[in-house]
Amino acid sequence: MANPFSIVDVFSEGKYTGNPLAVVRVHKPITDREMQQIAREINFSETTFILSEKINNNGYDVRIFTPSEEVPFAGHPTLGTAFVIQREIIGEPVPEIHLNLQTGQIPVRLDYSDGLLKRLTMKQKTPAFSKEIGKEAVAEAISLAAADIDPRFPVQEVSTGLPFIIVPLKNREATKRAELRKVPYNKLISSLEAKGIMLFCPETEREENDLHVRMFAPYYGIEEDPATGSGNGCLAGYLAEHRYFGGGKISLRVEQGYEIGRPSLLFLDADDEGGAIRVEVGGEVTEVARGILV
């Protein structure tokens, strides 16, 4: 029995935009080592494996691998895998799908237009805010000056299932100049749980968008990510917690991936409900290809 796979673009605005994802439906058993080898062979930011097409505890068991290691949670794999489950396993419109990930069960809401799946939105875990990080060390790791970082807000480690270093920059010009430097990057993350650096600024390429974002995570084999659902969830919690837009409730269009030729669009919603910040991240998914692992 062969293992079919799909390639989809997540947080896309059509084919060949957004973040590509390979989703493998495991019909024939695959070892942990083989899953890692497949993820490295495909070499996308992540590859997911649907372990069974039978529902377990109201959800589908899924594992997520970067080219270098397994991760407990990631955003675009969650949405892309839910898309494939709806299309290839369920085969009819459903309002919600639950994924059983290492970090726990994640619900994904599915919205339709004229009977076609239009947007998927995941509710992430309540953000956890860790230590604030020195601006100089972070600036050195991304080839910027500390003066490029917005002094009104902290550089902080935040997690909604996978931790990121959130870095508020002053403008788009600084964001464009950012370039990861391996030695100071490795020194920075050596004492942190977070391995990805998430930069954002309020100046955008497209007028209709609200924030511009970049994300670097070479620790996971990802030099720069086209669209980072987990990181944007952390960013949404950060924006609500620190009242970046003046209040604890946000609803935003976020662009990412422009610097690497993969323009992406994410929809962020967060609401500070008295100490338990609700975070949702959504976007569109486009199917690109199907195949069989031989």
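So, here is what we can say about the structure in this document. (Residues numbered from 1 in each chain as written. Predicted model: local features only at pLDDT ≥ 70, side-chain atom pairs only at ≥ 80, totals over all residues. Heavy atoms only, no water.)

## Brief notes about the pattern of salt bridges
For step 1, the next point in the chain: Per the stated rule, a full pass over the model turns up 23 salt bridges.
For step 2, the next point in the chain: In this structure, Arg262 and Asp9 form a salt bridge, with 3.1 Å as the shortest nitrogen-oxygen distance. One end of the pair, Arg262, is in the loop between β14 (249–256) and β15 (264–272); the other, Asp9, is in strand β1 (residues 3–10), and 253 residues separate them in sequence.
For step 3, the next point in the chain: Of the residues examined, Asp9 reaches a relative accessible area of 3% and is grouped as buried.
For step 4, the next point in the chain: In this structure, the salt-bridge partner of Arg172 is Glu259, at a minimum N-O distance of 2.9 Å. (Salt bridge = Lys/Arg side-chain N within 4 Å of Asp/Glu carboxyl O. Helix = DSSP H or I, 4+ residues; strand = E, 2+ residues; numbered from the N terminus. Buried < 20%, exposed > 50% of the residue type's maximum accessible area, 1.4 Å probe, protein only.)

## With respect to the pairing of strand β4 (residues 60–65)
For step 1, the next point in the chain: Counted residue by residue, β4 has five buried out of six residues, so it is predominantly covered.
For step 2, the next point in the chain: Pairing of strand β3 (residues 47–50) with β4 involves four bridges; the strand directions are antiparallel. Bridge pairing in β4 places Phe49 opposite Arg63.
For step 3, the next point in the chain: Direction of pairing for β4 relative to strand β6 (residues 96–101): parallel, over a ladder of two bridges. By the bridge assignment for β6, Tyr60 is matched with Leu99.
For step 4, the next point in the chain: Pairing analysis gives two bridges linking β4 to strand β5 (residues 70–71), with the strands arranged antiparallel. Bridge pairing in β5 places Ile64 opposite Val71.
For step 5, the next point in the chain: Connecting β4 to the next strand, β5, in antiparallel fashion are four residues. (Pairing = 2+ DSSP bridges.)

## Looking at the packing of aromatic side chains
For step 1, the next point in the chain: The tally for this structure, following the rule as stated, stands at six aromatic pairs.
For step 2, the next point in the chain: Ring centres of Tyr219 and Tyr220 lie 5.1 Å apart, and the angle between their planes is 85°; on these two criteria the pair is classed as edge-to-face.
For step 3, the next point in the chain: Every member of this aromatic cluster is reached through a ring pair, and the members are Phe153, Phe200, Tyr238, Tyr244 and Phe245.
For step 4, the next point in the chain: Here the basic side chain of Lys195 rests over the ring of Tyr219, its NZ or CZ set 5.2 Å away from the ring centre. (Phe/Tyr/Trp six-rings, centres within 6.5 Å; stacked < 30°, edge-to-face > 60°. Lys NZ or Arg CZ within 6 Å of the ring centre and 35° of its normal.)

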